[in-house]
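Here is how the chains run, residue by residue.
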Amino acid sequence: MLKKIGLALFAIFVIIQFFRIDKTNPEVIAENDFLYAVGAPEEVTQIIKTSCYDCHSNTTHYPWYSNVAPISWWLKDHINEAREELNFSEWETFEHKRKLKKLKEAVEELEEKEMPLTSYTITHGDAKLSDQQRELLINWFKETLSYFEEGETTAEEEPKSDLTLDNGKKWIANIETIDGINNMIAIIAQPMEEDRIILFVARGQQLMTEFETLVSKCNMTGEAHEQLHHYIFPLKEKIELLMNCEDMTTCDLTQLDILRHLHLFNEYFEGESLPS
Ligand code: HEC
């Protein structure tokens, strides 16, 4: 009798192996990624990628036992649920309100030691957070949250800047200007080996060089040129702030602010479309 039950169970086990999970990752758009968009420092990036991204992103690495049913089903279920709650690969597609909510939840989950899930850290030792790493993440998430909240209030309180659209359409910018903006984004996207003030200051200088090239190569005229001025004046001020930042928090937040301003460019300007 026992033998029969054993055989039956084994047969079931064999049969369920044919029901494999889908392990293809959804498409990843680099610009939409959370760590990229907020310009996270290198140390934070490493920890979040190791401890959260297998579940909360579209860059999941599946372990060997993901080939074994029914563990594989359970695993896939977790990943689906985690992505639904918070998919870091799709951060830039979130509404502002949702971003705030998720940052708050991240702080809570970390404080309560709910994340990363224990069932995961048992098999992924490197994903387990030391007290120090947890502290670092909590502080960084809080900082990022207050930065996003601040952006909210200043956007409401400050008088609208002079920057406007061309009757609802974007202004045409010359290709050198667009290149310059993209180069600056690329500078900020480079991972920083170490979080040191001097490296942020050096980055500020690099940005300023790029900024000056952009200005010298600009051949835009008329109202579009006027509008570009409204755009680049605050940019210059922010870069100068970075070049003179004196503590890590200010450096970090200023860099974030610059990145946000750089991303604003595409909302007001576009390249000339090629003649068809
Ligand atoms: C093994 C997979 C896994 C890992 C690793 C993981 N999570 Fe989760 N996470 C989940 C699942 C599943 C849920 C949804 C169910 C739940 O809330 O428990 C979730 C939910 C969340 C939520 C939303 C909670 C809410 O209040 O609704 C946040 C925020 C979160 N995780 C943050 C993180 C962070 C930050 C990390 C890394 C430090 C992390 N998670 C690592 C699986 C994971």
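Reading the values: the criteria
Residues numbered from 1 in each chain as written. Predicted model: local features only at pLDDT ≥ 70, side-chain atom pairs only at ≥ 80, totals over all residues. Heavy atoms only, no water. Domains from an automatic or database assignment. Contact = heavy atoms within 4.5 Å. Buried area = accessible area lost by both parts, 1.4 Å probe. Salt bridge = Lys/Arg side-chain N within 4 Å of Asp/Glu carboxyl O. Polar contact = N/O pair within 3.5 Å; in protein donor to acceptor, adjacent residues only side chain to side chain. Helix = DSSP H or I, 4+ residues; strand = E, 2+ residues; numbered from the N terminus. Axes fitted to C-alpha atoms, helices over the stretch in contact; angles between N-to-C directions. Parallel < 35°, antiparallel > 145°, perpendicular 65-115°, else oblique. Nonpolar A, V, L, I, M, F, W, Y, C, P; charged D, E, K, R; others polar. Buried < 20%, exposed > 50% of the residue type's maximum accessible area, 1.4 Å probe, protein only. Core = buried A, V, L, I, M, F, W, Y, C linked by side-chain atoms within 4.5 Å. pLDDT = per-residue confidence, 0-100. Near = heavy atom within 4 Å.

Taken domain by domain, the protein comprises domain 1 (15-148) and domain 2 (162-271). Computed over C-alpha atoms, the centres of domain 1 and domain 2 are 30 Å apart. Counting residues at the interface gives 10 residues for domain 1, matched by 13 residues for domain 2. Summed over both sides, the interface of domain 1 with domain 2 buries roughly 1,100 Å², with 56% coming from carbon and sulfur. In terms of surface lost to domain 2, no three residues of domain 1 exceed Tyr36, Glu42 and Tyr147, which account for 51% of the buried area on that side. On inspection of domain 1 and its partner domain 2, the count reaches zero salt bridges. At the boundary of domain 1 with domain 2, the tally comes to two residue pairs in polar contact (both at pLDDT 80 or more). Of all the secondary-structure elements, those providing two or more residues to the side of domain 1 that touches domain 2 are helix 2 (34-37), helix 3 (42-51) and helix 8 (131-157). Per element, the largest residue contribution to the side of domain 1 that touches domain 2 is three residues, and it comes from helix 8.

So, about the packing of helix 9 (residues 175-189) against helix 10 (residues 197-217). Packing of helix 9 against helix 10 brings their axes to within 9 Å, and their N-to-C directions diverge by 175°. When the axes of helix 9 and helix 10 are compared, the pair comes out roughly antiparallel. Residue-level inspection shows Glu176, Thr177, Gly180, Ile181, Asn183, Met184, Ile187 and Ile188 of helix 9 in contact with helix 10, the latter providing Arg203, Gln206, Leu207, Glu210, Phe211, Leu214 and Lys217. Across the contact of helix 9 with helix 10, the residue classes break down as seven nonpolar, four polar and four charged.

The next subject is the environment of phenylalanine 10. In this structure, phenylalanine 10 sits in helix 1 (residues 2-16). Judged by relative accessible area, which is 52%, phenylalanine 10 ranks as exposed. In this structure, the C-alpha to C-alpha distance between phenylalanine 10 and aspartate 162, residues 152 residues apart in sequence, is 72 Å.

The next thing to look at is the side chain of glutamine 255. You can see glutamine 255 is positioned in helix 12 (residues 248-268). Polar side-chain contacts of glutamine 255 include one of 3.2 Å to the side chain of arginine 203. Among residues more than four places away in sequence, those in contact with glutamine 255 are Gly39, Ile188, Met192, Phe200, Arg203 and Leu242.

In this structure, Tyr231, Leu235, Leu262 and Phe269 are the most contacted members of the largest nonpolar core, which totals 33 residues. Sorting the residues of this core by element identifies strand 1 (171-173), helix 9, helix 10, helix 11 (222-243) and helix 12 as the ones contributing at least two each. Broken down by element, this core gets its largest block of residues, seven residues, from helix 11. Among all residues touching phenylalanine 269, those that are not within four sequence positions of it are Leu163, Lys170, Trp171, Ala173, Met220, Ala224, Gln227, Leu228 and Tyr231. Membership of the second largest hydrophobic core comes to 28 residues, among which are Ala37, Cys52, Leu86 and Leu256.

This part takes up the confidence of the model for the protein. Taken residue by residue, the protein gives an average pLDDT of 90. The fraction at 70 or more is 95%. Under a pLDDT of 50 for its full length, residues 155-160 has, in the predicted model, zero contacts with residues more than four places off or in other chains.

Let us now look at the side chain of threonine 177. With respect to the helices and strands, threonine 177 occurs in helix 9. A relative accessible area of 1% means that threonine 177 is categorised as buried. Beyond its immediate sequence surroundings of up to four residues, threonine 177 is in contact with Leu214, Cys218, Met220, Leu228 and Phe265.

A few words on the site of the ligand. Contacts to the ligand come from 16 residues, most closely from Cys52, Cys55, His56, Glu85 and Met115. The separation between a nitrogen atom of the ligand and a polar side-chain atom of histidine 56 is 2.8 Å. Secondary structure elements with two or more residues in the shell around the ligand: helix 4 (53-56), helix 5 (71-85) and helix 6 (96-111). Per element, the largest residue contribution to the shell around the ligand is four residues, and it comes from helix 5.

The next point concerns the environment of glycine 204. As for its placement among the helices and strands, glycine 204 is situated in helix 10. A relative accessible area of 0% places glycine 204 in the buried class. Taking the C-alpha atoms as reference, glycine 204 lies 29 Å from glutamate 223; in sequence the two are 19 residues apart. Once residues within four sequence positions are removed from consideration, glycine 204 is found in contact with Ile239, Leu242 and Met243.

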